[in-house]
Amino acid sequence: MAAPTGVTVPSTSLGAVPVGWTASAGSITPTGYYVTRVTGSTTASACGSSPAALLAATSCTDNAVPIGTHTYVVTAVYRSWTAVSAASGNVTVVVPASNQLAFGQGPSNATAGAAISPAVTVRVQSLGLVPVANVPVTLSLGNNPGLGTLSGTATASTNLLGVATFSNLSIEKAGMGYTLTASSPGLTSVGSGSFNITPAAAKTLQITTAPTSGVASASTNLGPISVQRLDAYGNLATAGDLAVGLSSSAAGTGAFSATAGGPAVTTVTIPSGSSAVSFRYGDTKAGTPTLTASSTGLTSASQAATITAGAATKLAVISAPVTGAASASATLGPITVQRQDAFGNQTTSGSTTLLLSSSSGTSIFAITSAGANVTQATIAAGSSVTSFYYGDTKAGSPTLTFSATGLTSVTQTSNVTESPSFRLKFVGQPATSVDKNFPFSPSVSVEVVDQFDNRVDSTASITIATVAPCQIKGTAVQTAVAGLATFADLQPQGAGSNCALNATSGTLTAANSSVYSAK
């Protein structure tokens with residue numbers, strides 16, 4: 001087995017000496033290597049290796065090397081065989097007695113998140129100002145006014161000129177008066193001059209005030225609401241004017257203004273040198289609209305507002321107009337009346353008594369279907385509505401009116417239809433005295449009515465007759481049109497007194513006319 005060759009070390013070092021060599025040549029590959037350091041007549045294990053702790057690689061670093069001049073020897077081991085290299089020969093490593101750190105290119109002002117440029121450099125020199133290579137130098141934050149984090153490669157080794165270069169350092173938090181500290185094992189740390197980190201370009205918007213809430217209003221009096229611009233690292237951004245668009249999910253009912261009660265706007269501006277702007281909001285619709293602040297290229301900010309109803313000012317019928325047959329019971333409905341603020345929002349505060357009335361003099365109301373007649377209904381505290389039923393014995397389109405003290409009343413037209421056919425009724429009666437052989441004047445007419453005397457839309461066949469000895473002639477059978485049959489050519493025959501006409505139609509209750517005399 002051949003001995004390793006080409007043992008190399010730097011000429012100077014600050015206590016951490018890199019050692020390299022060429023692997024053993026030949027057909028037998030060593031199990032591993034160990035390194036020894038020779039200082040004068042003293043030999044010591046190096047690189048943490050020993051005959052019992054072999055190295056597989058062909059390089060290592062000998063740490064904590066004492067001050068002095070040293071040479072290194074590498075030994076190859078294969079089973080019980082060893083092969084010793086030549087010493088590092090005339091190339092020796094010198095660990096100076098004393099060294100110092102100094103910033104070459106100190107840190108400059110920079111933007112948050114961007115590399116500090118030009119690159120920061122640190123020099124390592126002996127007392128004689130001799131550059132020292134291969135010395136690890138680490139940079140860290142000294143003064144940290146923005147509570148930032150130093151990113152990038154913060155540890156570098158000195159080159160042959162004794163200079164360690166840091167080309168990609170950055171800090172993400174803005175602040176005035178940052179400093180860096182350079183350190184290296186065994187050396188006194190040194191601080192840099194101060195430098196500033198300014199915010200990067202604006203990236204996001206953020207609403208900083210608590211969610212706004214208030215009563216529905218046509219005026220923009222809620223707020224102020226503040227929105228600020230931030231860079232990608234959460235720093236307040238202040239560069240340039242920034243137009244911020246304002247919108248609400250309550251389209252058509254919400255409005256913004258720059259000042260309380262001011263004219264409506266859709267944008268506000270964050271001026272150059274500032275990070276925030278405030279505005280006001282108003283909405284006529286109760287609910288929880290989402291307010292959004294946006295600007296081109298920036299992440300928008302949203303926040304929910306809470307709009308509550310104002311005091312009740314009016315009543316509104318929120319159910320469809322009722323339709324149904326004439327009845328002596330209140331069964332049409334339910335009719336639902338709501339109390340609202342000036343903008344139509346339902347209100348629930350306090351108790352309200354409603355007065356119920358109709359343009360028809362034959363109507364009734366009830367709280368429950370077919371219940372007892374009432375003239376009032378109550379909207380209870382905590383509720384915005386009350387319901388009740390309507391009934392009317394007269395067919396038509398009566399106007400229902402609902403009112404309450406201090407509130408604007410409301411009306412609604414209902415549709416009351418006739419009940420099913422019930423009986424016949426003379427509406428065109430014969431005169432008290434008539435001439436025989438001449439048509440009755442005015443003409444005799446009969447209508448089909450329900451139990452409340454409402455004419456029924458019927459096509460019933462109606463027959464007119466008289467009781468002996470009175471007689472009639474002409475067309476005595478007519479088909480009703482819309483519930484009315486007129487007998488235009490009907491005329492009395494012969495003289496008689498106490499005569500009367502009789503109208504019949506199937507199962508309908510018959511009707512008798514008033515008494516007449518023929519002459």
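Just above, that's the structure.
Below is a short write-up of the structure. The shown structure was predicted, so the numbers you read here are calculated from the model rather than taken from an experiment. (Residues numbered from 1 in each chain as written. Predicted model: local features only at pLDDT ≥ 70, side-chain atom pairs only at ≥ 80, totals over all residues. Heavy atoms only, no water.)

Observations concerning the state of the cysteines
- The final tally for this structure, using the stated rule, is two disulfides.
- There is a disulfide in this structure between Cys47 and Cys60, and the S-S distance comes to 2.0 Å. For the disulfide bridge between Cys47 and Cys60, the dihedral angle about the S-S bond is near 60°, and by the sign convention the bridge is right-handed. Taken together, the positions of Cys47 in the loop between strand S4 (42–46) and strand S5 (59–62) and Cys60 in strand S5 put the pair 13 residues apart, joining distant regions of the chain. Grouping residues by exposure puts Cys47 and Cys60 together as buried.
- At a sulfur-sulfur separation of 1.7 Å, the disulfide partner of Cys470 is Cys499. Linking Cys470 and Cys499, the disulfide has an S-S dihedral of approximately -75° and is accordingly described as left-handed. Of this pair, Cys470 sits in the loop between strand S46 (461–466) and strand S47 (471–473) while Cys499 sits in strand S51 (residues 496–499); the two residues are 29 residues apart in sequence, bridging distant segments of the chain.
- When its relative accessible area of 2% is taken as the criterion, Cys499 is described as buried. (Disulfide = S-S within 2.5 Å. Helix = DSSP H or I, 4+ residues; strand = E, 2+ residues; numbered from the N terminus. Buried < 20%, exposed > 50% of the residue type's maximum accessible area, 1.4 Å probe, protein only.)

A word on the sheet that holds strand S19 (residues 190–191)
- Within the open sheet, the four strands sit side by side as S14-S12-S18-S19. Their pairing is antiparallel. The sheet terminates laterally at strand S14 (155–157) and S19, the two strands that pair on one side only.
- Across three bridges, the pairing between strand S12 (residues 136–141) and S14 is antiparallel. For Thr138, the partnering residue across the bridge sits in S14 and is Thr155. (Pairing = 2+ DSSP bridges.)

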